[in-house]
Amino acid sequence: DAMVIQNPRYQVTQFGKPVTLSCSQTLNHNVMYWYQQKSSQAPKLLFHYYDKDFNNEADTPDNFQSRRPNTSFCFLDIRSPGLGDAAMYLCATSRDRSEQETQYFGPGTRLLVL
Amino acid sequence: AQTVTQSQPEMSVQEAETVTLSCTYDTSESDYYLFWYKQPPSRQMILVIRQEAYKQQNATENRFSVNFQKAAKSFSLKISDSQLGDAAMYFCAYRSSWGNTPLVFGKGTRLSVIA
């Protein structure tokens with residue numbers, strides 16, 4: 001029944017060592033989002049894909065990249081993680097980008113940077 | 001830029017009682033959508049309720065209802081007959097009707113339910 005799946009649930013990486021977080025969906029939704037959520041803070045949108053069209057938020061650091069090889073999968077790549085990148089990373093999907101569309105969230109991947 | 005403010009970082013409610021979570025927002029737009037999302041511990045965030053700004057009638061979903069005051073830019077969530085499963089972080093969110101804009105979340109309110 002899982003609709004938005006994130007792997008792994010917990011990820012430990014070293015300072016400066018590239019890391020990739022995965023998201024997959026069974027909803028066949030056109031839009032996939034990546035959010036960063038730091039402790040006791042609101043989720044912050046990093047970027048989203050509308051189909052194959054990549055949309056980066058203006059304040060998302062260059063250190064964060066994303067790939068969407070097909071409708072079902074989307075990856076978040078952190079090229080050189082810093083201590084400040086430790087956070088929960090949430091993947092979400094929606095049928096389209098319309099403002100009233102519900103976003104469906106995955107359980108998140110908690111990233112720890114040592 | 002739009003902002004969403006949740007002034008209550010934490011709240012608690014007795015089981016079966018009613019609780020209201022506050023949310024205010026700042027916008028110059030007249031057409032937008034407002035949402036309440038629930039994030040239980042170690043589980044994914046789910047939509048609780050949604051309100052279109054152009055609708056005067058307050059949205060309801062079973063035990064969840066909102067008090068939408070457009071002029072005051074207020075969007076509070078009322079949970080009736082609180083249950084232990086309602087314990088979670090609750091986020092208020094805003095989305096503009098203009099173009100491809102992101103959801104703007106408040107910082108959240110952590111709700112505890114006391115048996």
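Preceding block: the structure.
Described in the following lines is the structure provided in the data block. On a predicted model such as this, the values are computed, not experimentally measured, just so you know. (Residues numbered from 1 in each chain as written. Chains lettered and ligands numbered in written order. Predicted model: local features only at pLDDT ≥ 70, side-chain atom pairs only at ≥ 80, totals over all residues. Heavy atoms only, no water.)

## Let's talk about the state of the cysteines
One pass over the full model with this rule turns up two disulfides over all chains. Between the sulfur of Cys23(A) and that of Cys91(A) lies a disulfide, 1.9 Å long from S to S. Here the S-S torsion is close to -75°, and the disulfide linking Cys23(A) with Cys91(A) is therefore left-handed. Of this pair, Cys23(A) sits in strand S3 (residues 19–25) while Cys91(A) sits in strand S9 (residues 87–94); the two residues are 68 residues apart in sequence, bridging distant segments of the chain. Using a relative accessible area of 1% as the deciding quantity, one classes Cys23(A) as buried. Taking the relative accessible area as the measure of exposure, Cys91(A) reaches 0% and is therefore buried. Through a disulfide, Cys23(B) is tied to Cys92(B); the S-S separation comes to 2.0 Å. Where Cys23(B) bonds to Cys92(B) through sulfur, the torsion about that S-S bond is close to -70°, and the disulfide is left-handed. Linking Cys23(B) in the loop between strand S3 (19–21) and strand S4 (24–26) with Cys92(B) in strand S10 (residues 88–96), this pair joins segments that are 69 residues apart in sequence. For the residue pair Cys23(B) and Cys92(B), the accessibility class agrees, reading buried in each case. (Disulfide = S-S within 2.5 Å. Helix = DSSP H or I, 4+ residues; strand = E, 2+ residues; numbered from the N terminus. Buried < 20%, exposed > 50% of the residue type's maximum accessible area, 1.4 Å probe, protein only.)

## What about the pattern of salt bridges?
Two side chains of opposite charge can pair, provided their charged atoms sit close to one another. All names here are of chain A. One pass over the structure, following the stated rule, counts five salt bridges over all chains. Where Lys 44 meets Asp 59, a salt bridge forms, and the shortest distance between an N and an O atom there is 3.2 Å. Highlighted residues: Lys 44 in strand S5 (residues 44–50) and Asp 59 in the loop between strand S6 (53–56) and strand S7 (64–67), separated in sequence by 15 residues. Under the relative-accessibility criterion, Lys 44 is labelled partly exposed at 32%. Overall, the relative accessible area of 52% leaves Asp 59 in the exposed class. In this structure, the salt-bridge partner of Arg 67 is Asp 77, at a minimum N-O distance of 2.7 Å. Pair noted here: Arg 67 is in strand S7 and Asp 77 is in strand S8 (residues 73–78), with a separation of 10 residues, a long-range link. A residue is classified by how much of its surface remains accessible, and Arg 67, at 39% relative accessible area, is partly exposed. Take Asp 77: its relative accessible area is 14%, and that puts it in the buried class. (Salt bridge = Lys/Arg side-chain N within 4 Å of Asp/Glu carboxyl O.)

## Section: the pairing of S9(A)
Residue and element names in this part refer to chain A. For S9, the buried fraction is high: eight of the eight residues fall into the buried class. As paired elements, strand S4 (residues 31–37) and S9 share seven bridges and run antiparallel to each other. Pairing of Gln 37 across the sheet is with Met 88, part of S9. Bridging between S9 and strand S11 (residues 109–113) involves three bridges; their strand directions are antiparallel. Bridge pairing in S11 links Met 88 to Arg 110. When S9 meets strand S10 (residues 104–105), the two strands line up antiparallel, connected through two bridges. Note on S10: the bridge partner recorded for Thr 93 is Tyr 104. (Pairing = 2+ DSSP bridges.)

## Topic: the nonpolar core
Counting 25 residues, the largest nonpolar core has Tyr25(B), Trp36(B), Phe75(B), Leu77(B), Tyr90(B) and Leu111(B) as its most contacted members. The element best represented in this core is S10(B), accounting for four residues. (Core = buried A, V, L, I, M, F, W, Y, C linked by side-chain atoms within 4.5 Å.)

## A short note on the packing of aromatic side chains
For any pair of aromatic rings, the description rests on two quantities: the centre-to-centre distance and the angle between the ring planes. Under the defined criterion, the tally for this structure stands at 17 aromatic pairs over all chains. Judged by centre distance (6.4 Å) and plane angle (70°), the ring pair of Phe105(A) and Phe105(B) falls under edge-to-face. Of this pair, Phe105(A) sits in strand S10 while Phe105(B) sits in strand S11 (residues 104–105), on two different chains. Considered together, Phe105(A) and Phe105(B) belong to a single accessibility category, that of buried residues. By way of ring pairs, the aromatic residues Tyr33(A), Tyr35(A), Phe105(A), Phe35(B), Tyr37(B), Phe91(B) and Phe105(B) are connected into one cluster. (Phe/Tyr/Trp six-rings, centres within 6.5 Å; stacked < 30°, edge-to-face > 60°.)

## Focus on unusual backbone geometry
Residues Asn7(A) and Pro8(A) are joined by a peptide bond in cis, for which omega reads -10°. If you check the backbone angles, Asp51(A) has positive phi at about 60° while not being a glycine. Structurally, the position occupied by Asp51(A) is in the loop between S5 and S6. The class for Asp51(A) is partly exposed, based on a relative accessible area of 41%. The residue Lys73(B) is not glycine, and still its phi comes out positive at about 55°.

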